[in-house]
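The lines below spell out each chain.
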Amino acid sequence: MHGWLRWAPVALAVVTGAALAQTQGVYKIGELNSYKAQPAFLGPYKKGMELAVEQINAAGGVNGRKLELVVRDDNANPGDAVRVAEELVTREKVDVLTGTFLSHTGMAVADYAQQKKRFFLAGEPLTDKLTWQGGNAYTFRLRPGTYMQAAMLVPEAAKLDKKRWAIVYPNYEYGQSAVNAFKTLLKQAQPDVEFVAEQAPPLGKLDAGAVVQALADAKPDAIFNVLFAADLTKFVREGNTRGLFKDRTVVSLISGEPEYLDALKDETPEGWIVTGYPWYGIDTPEHQAFLKAYQARFKDYPRLGSVVGYAMIRSAAEGLKKAGSADSDKMVAAFRGLEVDTPFGRIHYRAQDHQSTLGAYVGKTHNDGGKGVMVDFSYRDGADFQPSDAQVRASRTAAQ
C-alpha cells in the first residue's frame, strides 16, 4: 500500500507529461462561424481553411508543430458567439481564435477578445467598427471592410453623374456601416447628390414586394444595394418582375461574389456595378496556383469564401511563425505589419488599425447563358482605399 502511494505521483507525472507532449505537438485554431445560417459562403470558406491547413502541415507545420482546426457554429447570434468563444478558449484550449461572418457576431467576439486579452483574427465581418470606431488591441481583420469596399465603388458611382439615389440594406451592423460609408464618400465626390429613399428590412426577413414598390415610388436615378444571400435573390426577382432596374443603374456591395451570383442564375441583372470574385478570369500566378490546388482537392471551383478561409489560415500560420509562440501579446506584436502571401497577392496587416490590405475585384454583372458572372473587372488593392492615419487614430481613440 505504502509502495503504491510512493510511486503514484511519479506515474501521474508520466501520464501528464505524455499528454502535455501531445498537446505541444499542435497549434489548435479555434474557428467559430455561422455555418448553418450562411452555408453558401461558409461551406467554401471551411474548404479554404482545410486546404491551407493540409498544405502547411504537409510542409512541416509551423515552428515544428502541426495545425489543427477546432470548428464550432455560433448560431448567427452574438450571445452564442461569445459563449462558443469562451468554450473554445477554456475547454478546448485553443491557441488562436478566428472566424465570424456577421458583423454583430464579429463585434461581440472582438469585445470578448479585448476583455480576455486574447488574440482574435476576424476573417469576414465587414463593419468598420471592427478595426476603426470600435477597434481594439487584440482584434485584427482580413477582409476589406465596408469603408474600403464603398471607396472602391464610389468612383464608379460618381462617374454615373446620377443625382437621386435610393438605398436598400439589411438593418443591422453591416448594412448600417456600409450605407454610412457610401453616403459619406459619394457626398464628398458629388456634393449635389440626394438620397431620396431608404429601405432597411431586417436581415433575412425581406418583404420584397413592399421594398421594391417603395423604391420605385421614389423614382430614383440609381440604387445602392447592400442586401445579400436570400434577401438579394428575392430583391432581384421582384425588381426584375416590376421593372425596378430598367434604365436605372445599381451599385451593389459584394453582389459579384459567386456565392450570390450562382443563386441568381438566369435572373442575374445586367450591368450592376459590384465588388466580387471572378475566379474564372484571374490569371496571376498566385491565384492560378490556389485555383489548381483547390480544384484538385475538392473537384469544385472556389468561391470568395474559399479565398478568405485560405488566406486567414495562412495569416494565422505566418503570425505564429513570426511570434514563435501562440501567446496573445506576442501574436499581436507579430501581426502588426505582418506580410502574408494570399491568392490575391501579398498583403500586410496595418499596425495603426489591424486592418489587412487585402483588396477586392470591381466589375459589372452579366448574364452569361443563364449563369451570373462578372465582366469588365479589375483588382482594387486594399492599401489604396483606407482612411487616413489621422482619421484612424481619431476614430480608435474615441472608441476607447
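Throughout what follows, the structure given in this document is the object of discussion. (Residues numbered from 1 in each chain as written. Predicted model: local features only at pLDDT ≥ 70, side-chain atom pairs only at ≥ 80, totals over all residues. Heavy atoms only, no water.)

## Focus on the overall build of the protein
And then number 1: Regarding its fold elements, the protein presents 13 helices and 14 strands.
And then number 2: Against the globule reference of 21 Å for 400 residues, the protein gives a C-alpha radius of gyration of 23 Å, in line with a compact fold.
And then number 3: Its C-alpha atoms give the protein principal-axis dimensions of roughly 90 × 50 × 35 Å.
And then number 4: Across the 400 residues in the protein, those meeting the buried criterion constitute 54%.
And then number 5: Within the protein, contacts between residues at least 6 apart in sequence are counted, and of these 69% link residues at least 24 apart.
And then number 6: Carbon and sulfur atoms make up 51% of the accessible area of the protein, which amounts to about 16400 Å² in all.
And then number 7: The centroid of the 47 positive side-chain charges in the protein is displaced by 4 Å from the centroid of its 46 negative side-chain charges. (Helix = DSSP H or I, 4+ residues; strand = E, 2+ residues; numbered from the N terminus. Rg over C-alpha atoms; globule rule 2.2 N^0.38 Å. Buried < 20%, exposed > 50% of the residue type's maximum accessible area, 1.4 Å probe, protein only. Contact = heavy atoms within 4.5 Å. Areas by Shrake-Rupley, 256 points an atom, 1.4 Å probe, with all protein chains shown as cover. Lys, Arg positive; Asp, Glu negative; His and termini not counted. Charge placed at Lys NZ, Arg CZ, Asp CG, Glu CD.)

## Examining the packing of aromatic side chains
And then number 1: Under the counting rule described, the total for this entry stands at 26 aromatic pairs.
And then number 2: Here Phe335 and Tyr349 contribute two aromatic rings whose centre-to-centre distance is 5.0 Å and whose plane-to-plane angle is 65°, an arrangement assigned as edge-to-face. One end of the pair, Phe335, is in helix α12 (residues 328–335); the other, Tyr349, is in the loop between β12 (345–348) and β13 (360–368), with 14 residues separating them in the sequence.
And then number 3: Judged by relative accessible area, which is 0%, Tyr349 ranks as buried.
And then number 4: With 5.6 Å between their ring centres and 70° between their planes, Phe344 and Tyr379 make a pair best called edge-to-face. Linking Phe344 in the loop between β11 (339–342) and β12 with Tyr379 in strand β14 (residues 371–380), this pair joins segments that are 35 residues apart in sequence.
And then number 5: The residue whose ring lies beneath Lys183 is Phe195, and the NZ or CZ to ring-centre distance is 5.5 Å.
And then number 6: The cationic tip of Arg303 hangs over the ring face of Tyr301; the distance from NZ or CZ to the ring centre is 3.9 Å. (Phe/Tyr/Trp six-rings, centres within 6.5 Å; stacked < 30°, edge-to-face > 60°. Lys NZ or Arg CZ within 6 Å of the ring centre and 35° of its normal.)

In short, the description is geometric, and any link to function would need to be established separately.
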